[in-house]
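# Reading the structure
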Amino acid sequence: QVQLVESGGGLVQPGGSLRLSCAASGSIFRIYVMRWYRQAPGKQRELVANITSGGSTNYADSVKGRFTISRDNAKNTVYLQMYSLKPEDTAVYSCNADLSDRGGKYYYKYWGRGTQVTVSS
């Protein structure tokens, strides 16, 4: 069974930084696109960034220049390095991935459970 587990969330002061990780485990054959989303209370879920297996990236305008997405294919892990955090970055951050398992099953936008990021003084 495939599983995505996020870690690295927490409380940080404005202007601070955090690094989120999302590790995929289980009978994985290949991971294609990996994405970070966030959802703040009372707001719609927002795509923060995505990265392809070849390393191409895209970012939401609200995080460009402050967040960096990266991945370690050997570890089946995607990272989100966040700098210059603002109170409006407060949200539950979740990852998802398009992947296939060793049994040939394809998963589209398979989700982790999320990790809370709170930016507050």
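What follows is about the nonpolar core. Ranked by internal contacts, the top residues of the largest apolar core, which has 31 residues, are W36, V48, F67, V78, L80, M82 and Y93. Counting residues per element, the ones that place at least two in this core are β3 (18-25), β4 (28-39), β5 (46-51), β7 (67-72), β8 (77-82), β9 (91-101) and β11 (115-119). Top contributing element to this core by residue count: β9, with five residues. Beyond its immediate stretch of four places on either side in the chain, V78 contacts L20, S21, C22, M34, W36, I51, I69, S70, R71 and C95.

With that settled, the discussion passes to the pairing of β11. In β11, alternate side chains face the same way, and those of T115, V117 and V119 are buried while those of Q116 and T118 on the opposite face are not. Where strand β2 (residues 10-12) lies against β11, three bridges are found, and the strand directions are parallel. From the neighbouring strand, V12 faces β11, where its bridge partner is V119. The sheet contact formed by β9 and β11 spans three bridges and is antiparallel. Bridge pairing links V92 to Q116 in β11.

The full count for this structure, using the stated rule, is five salt bridges. Here D89 and R38 are joined by a salt bridge, their closest N and O atoms 2.9 Å apart. Of this pair, D89 sits in the loop between β8 and β9 while R38 sits in strand β4, and the two are 51 residues apart along the sequence. One salt bridge connects K64 with D61, and the closest N-O pair in it is separated by 3.2 Å. Across the pair, D61 and K64 agree in class, each one exposed. Where salt bridges share partners, they join R38, E46, R66 and D89 into one cluster.

Turning our attention to the pairing of β9. Each regular strand displays side chains that alternate between the two surfaces of the sheet. Burial of β9 is extensive: ten of the eleven residues sit out of reach of the surface. Note that β4 and β9 share nine bridges and pair antiparallel. Pairing of R35 across the sheet is with N96, part of β9. With four bridges joining them, β9 and strand β10 (residues 106-111) adopt antiparallel strand pairing. Bridge pairing in β10 links A97 to Y110.

With that out of the way, let us pick up the state of the cysteines. Across all of its chains, the model carries one disulfide by this definition. Disulfide pairing is shown between C22 and C95; the S-S distance is 1.8 Å. Looking along the S-S bond of the C22-C95 disulfide, the torsion reads about 45 degrees, which is the right-handed sense. Taken as a pair, C22 in strand β3 and C95 in strand β9 lie far apart in primary sequence, 73 residues in all. C95 carries the same exposure label as C22, and that label is buried.

Scoring rules and cut-offs
Residues numbered from 1 in each chain as written. Predicted model: local features only at pLDDT ≥ 70, side-chain atom pairs only at ≥ 80, totals over all residues. Heavy atoms only, no water. Core = buried A, V, L, I, M, F, W, Y, C linked by side-chain atoms within 4.5 Å. Buried < 20%, exposed > 50% of the residue type's maximum accessible area, 1.4 Å probe, protein only. Helix = DSSP H or I, 4+ residues; strand = E, 2+ residues; numbered from the N terminus. Contact = heavy atoms within 4.5 Å. Pairing = 2+ DSSP bridges. Salt bridge = Lys/Arg side-chain N within 4 Å of Asp/Glu carboxyl O. Disulfide = S-S within 2.5 Å.

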